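Here's the letter readout for the chains.
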Amino acid sequence: MAQESDSNEVATKFSTLNVNALEFVPAYASAVSAVSAAAAAVVGPNSTTNAAATSSSPGTTSPGGTATSTGQGSSGGAGTPTSAAATPTPPSSSAAPVPMDTKGDEEAKTPENNESEPLDSWDAEDDSILTPEDEEMELDDGEGDGESVPKVSKKKPPKVEENKSKKEHVNVVFIGHVDAGKSTIGGQIMSLTGMVDKRTLEKYEREAREKSRESWYLSWALDTNQEERDKGKTVEVGRAYFETEKKHFTILDAPGHKSFVPNMIGGAAQADLAVLVISARKGEFETGFDRGGQTREHAMLAKTAGVKHLVVLVNKMDDPTVNWDLDRYNECKDKILPYLKKLGFNPAKDLTFMPVSGLTGMGLREQIDESICPWYRGSAFIPFIDELPSLNRKTDGPFIMPIVDKYKDMGTVLMGKVESGLAKKGTNLLVMPNRTQVSVDQLWSDDEEVTAVGPGENVKIKVKGIEEEDVSPGFVLCDASNPIKTGKVFDAQVVILEHKSIICAGYSAVMHIHCAAEEVTVKALICLVDKKTGEKSKTRPRFVKQDQVAIMRIECSGMICLEQFKLFPQMGRFTLRDENKTIAIGKVLKVIE
């Protein structure tokens, strides 16, 4: 019973967020047709209302403000950031907050809706809903929709030279509770694909045996520092890569311990595909999934970081307490499935379960032998992710790369995942928010030197013109002619997931947005948003509490790079954490200053 009420709570929160939407995550090409059909159905009867709502003069919106949104096609998904002009323009009202999905929760829970992805009203372009401040501003300056269309860089993408990675790049993050076997599976994949040679593995095995830790040796391929090896706990996000005939995969091995969740968020922010590892061993699955375990939080953070497809690996199936038992596999699957559905993962399209053994490598590259596991005849893990549909990458936008890490090596080397655009050797770029001009000296895509890099690649870029100590993780390397927005104060729509007391103006927490972590303070609460109808309260709330949705003005302690969610989702979604817990998730509606 408790479990049922738990699930219902989560369902309500996530139906408000509507995280199933095409725009909220970097879309897979195959999902597009299904969603556009759904869009046509939803938009049909309401299209006239939209036209009316958009054409109405500023400030004359209906008091409820429930303009129905038409959603966006997949091509506009990532959007292009508006270029920051040299002269500051007043914040335009067109960037007004967006209404919530107006469908009731009951409707959202029907099985039909589960099958087809609900349309997202988060990214509505033609809505004219205004926050109280916007209305005053519009009446004052009467400038209308001055800045509504993002300026796109006119330059054609440079012709790429031969030395560029040809295969599609996919970033895979391994998440899950501590000791589920994430690093071991990562190490085993590298061993099976020939990325770690046999002699190195034998050396690891010998060293691990000397420390009476023989079952840990595979994880040492990813856990490279001594502290991680001694304690058997991943701290930093480990990186490695492997290739198949079609694709180039970057492995991001996230830490499972709850003390290192901020590091895990940084890893998930770079991922296209998440692999949730759960242990089938008696007692271990329960510890990870029950309250206090990291399985739930990791799955939720992966969804809000924009991961589209989730593969759940039920690991340690070879354990003596399990011995490839179908009942135990189904027990783990049945317990976690309702929760993942509530987060917005659809078992028909973007959620897959597989039994594996990380230690022996069964089920990772080759299909499991029928004599060992007669009940699972599905694909093995590596062939399965190789066959997933291609991602829609934004190659024609301005270059954007949030910086995850940096180090000194005969110059300053910046690491990160390219979110949009292309960069070549010799290109001039900007490091924001410092506005430092740099030029590209050398480029590596997953340790291989190249002359050009594109979206989706995990890269290292050696730049001239900036010292290593002047760069921090969370800075953004971007196009000099079309830099990313920076700001300190912004309006955001926030869903409070879990917080015991109330939140009012003056409340502080840590915000994680792309690769940046910054302390923020709630400056003012603007209005509450009704979950079912999307209507906004006419009066300002004095506080918000768990399960409520509010539009609030947030102030950062320093200048950060961010973008409106509807223009560029990857740079506009964030999580708020306090006291080692994720308390809220939200999206940037408008950058104020």
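Rules used in this analysis
Residues numbered from 1 in each chain as written. Predicted model: local features only at pLDDT ≥ 70, side-chain atom pairs only at ≥ 80, totals over all residues. Heavy atoms only, no water. Helix = DSSP H or I, 4+ residues; strand = E, 2+ residues; numbered from the N terminus. Buried < 20%, exposed > 50% of the residue type's maximum accessible area, 1.4 Å probe, protein only. Areas by Shrake-Rupley, 256 points an atom, 1.4 Å probe, with all protein chains shown as cover. Pairing = 2+ DSSP bridges. Axes fitted to C-alpha atoms, helices over the stretch in contact; angles between N-to-C directions. Contact = heavy atoms within 4.5 Å. Salt bridge = Lys/Arg side-chain N within 4 Å of Asp/Glu carboxyl O. Core = buried A, V, L, I, M, F, W, Y, C linked by side-chain atoms within 4.5 Å. Phe/Tyr/Trp six-rings, centres within 6.5 Å; stacked < 30°, edge-to-face > 60°. pLDDT = per-residue confidence, 0-100. Left-handed = near helix turned anticlockwise from the far one by under 90°. Nonpolar A, V, L, I, M, F, W, Y, C, P; charged D, E, K, R; others polar.

Student: Any chance you could explain the overall build of the protein chain here in plain terms?
Tutor: Within the protein chain one finds 13 helices and 21 strands. Looking at the protein chain as a whole, 56% of its 593 residues are labelled buried. For the protein chain, the accessible area works out to roughly 24,300 Å², and carbon and sulfur atoms hold 50% of it.

Student: Explain the sheet that holds strand β21 (residues 581-591) to me, please; I cannot follow it from the model alone.
Tutor: Sheet strands pair by backbone hydrogen bonding; their relative direction is either parallel or antiparallel. Pairing is antiparallel in the closed barrel, where 6 strands are placed in the order β16-β19-β18-β17-β20-β21. Across this sheet, the average inter-strand angle for adjacent strands is 45°, counted without regard to direction. Here helix α9 (residues 261-268) sits on the sheet and contacts β17 (508-513) and β20 (573-578); the angle it forms with β20, its principal contact strand, is near 175°. Running over the sheet, helix α11 (residues 295-304) touches β20 and β21 and is turned about 10° from β21.

Student: I keep staring at the sheet that holds strand β4 (residues 273-279) and nothing clicks. Help me out?
Tutor: If you walk across this open sheet you meet the 6 strands as β2-β3-β1-β4-β5-β6, and the pairing is mixed. Where the open sheet ends on each side, the last strands, each with one partner, are β2 (238-243) and β6 (351-355). Each adjacent strand pair in this sheet contributes to an overall mean axis angle of 25°, direction not counted. Of the strand pairs in this sheet, strand β1 (residues 168-175) and strand β3 (residues 247-253) are connected by 7 bridges, and their pairing is parallel. Residue pairing for β3: F174 is matched across the bridge by D253. Lying on the sheet, helix α6 (residues 182-192) is in contact with β1, β2, β3, β4 and β5 (309-315); it crosses β3 at an angle near 150°. In the packing of helix α12 (residues 326-343) onto the sheet, contacts are made with β4, β5 and β6, and the angle to β6 comes to roughly 160°.

Student: Help me out: how do you make sense of the environment of A517 in this one?
Tutor: With respect to the helices and strands, the residue A517 is situated in strand β18 (residues 516-529). Looking at A517, the relative accessible area reads 47%, which means it is partly exposed. On a C-alpha basis, the gap between A517 and P262 in space is 8.1 Å, while along the polypeptide they are 255 residues apart. The residues touching A517, leaving out its near neighbours within four places in the chain, are V510, M511 and H512.

Student: In this structure, what is going on with the pattern of salt bridges? I would like to understand it.
Tutor: Pairing of side chains with opposite charge becomes possible as their charged atoms draw close. Counted under the stated rule, the structure contains 20 salt bridges. Across the pair R281 and E284 runs a salt bridge whose closest N-O atoms are separated by 2.9 Å. Take R281: its relative accessible area is 31%, and that puts it in the partly exposed class. Looking at E284, the relative accessible area reads 25%, which means it is partly exposed.

Student: Help me out: how do you make sense of the pairing of β2 in this one?
Tutor: It is a general feature of regular strands that their side chains alternate between the two faces of the sheet. Where β2 meets β3, 6 bridges bridge the pair, whose relative direction is antiparallel. The residue bridging G238 from the neighbouring strand is D253, located in β3. In this structure, the hairpin formed by β2 and β3 is closed by a connection of 3 residues.

Student: Honestly, the nonpolar core in this entry has me stumped. Any pointers?
Tutor: Ranked by size, the top nonpolar core spans 83 residues in total, and within it L340 and F381 carry the most contacts. For this core, the leading source of residues is α12, giving 7 residues. Leaving out residues up to four positions away in the same chain, L340 has contacts with L276, A299, L310, V312, F345, L351 and F353. Y507, A550, C556 and A584 belong to the second-largest nonpolar core, a separate cluster that totals 26 residues.

Student: Would you mind going over the packing of aromatic side chains with me for this structure?
Tutor: The relative placement of two aromatic rings is captured by the distance of their centres and the angle of their planes. Inspection of every chain in the model, using the stated rule, returns 6 aromatic pairs. Ring centres of F242 and F249 lie 5.0 Å apart, and the angle between their planes is 15°; on these two criteria the pair is classed as stacked. For F242, a relative accessible area of 2% puts it in the buried group. An angle of 40° between the planes, with centres 5.0 Å apart, marks the rings of Y329 and W375 as tilted. Highlighted residues: Y329 in helix α12 and W375 in the loop between β6 and α13 (381-386), separated in sequence by 46 residues. Classification of Y329 as buried rests on a relative accessible area of 5%.

Student: What should I look at first to understand the confidence of the model for the protein chain in this one?
Tutor: In low-pLDDT segments, the atomic positions of the prediction should not be examined closely. In the predicted model, the protein chain carries a mean pLDDT of 76, and 71% of its residues have values of at least 70. Here residues 20-161 is modelled with pLDDT under 50, and outside its nearest four sequence neighbours on either side it reaches 248 contacts, counting other chains as well.

Student: For this particular structure, what's the right way to read α6?
Tutor: Along an α-helix, a turn takes 3.6 residues, which lines up residues three or four apart on a common side. With respect to burial, α6 is a largely interior element, 9 of its 11 residues being buried. Listed in full, the buried residues belonging to α6 are K182, S183, T184, I185, G186, G187, Q188, I189 and M190. Summarising the contacts, the buried residues of α6 are in contact with β1, β2, β3, β4, β5 and α13. Among the residues trailing α6, G194 stands out with phi positive, at a value near 75°.

Student: Explain the packing of α9 against α11 to me, please; I cannot follow it from the model alone.
Tutor: For any two helices packed against each other, one specifies the crossing angle of their axes together with the interaxial distance. For the pair α9 and α11, interaxial distance at closest approach is 9 Å and the crossing angle is 35°. The handedness of the crossing between α9 and α11 comes out as right-handed. Within the contact between the two elements, α9 uses V261, M264 and I265 and α11 uses E297, H298, L301 and A302. When grouped by side-chain class, the residues that make up the contact of α9 with α11 number 5 nonpolar, 1 polar and 1 charged.

Student: Would you mind showing me how to read the environment of G361 here?
Tutor: The residue G361 is located in the loop between β6 and α13 in this model. Classification of G361 as buried rests on a relative accessible area of 12%. In this structure the C-alpha to C-alpha distance between G361 and L192, which are 169 residues apart in sequence, comes to 7.9 Å. Residues in contact with G361, not counting those within four places in the same chain, are Q188 and L192.

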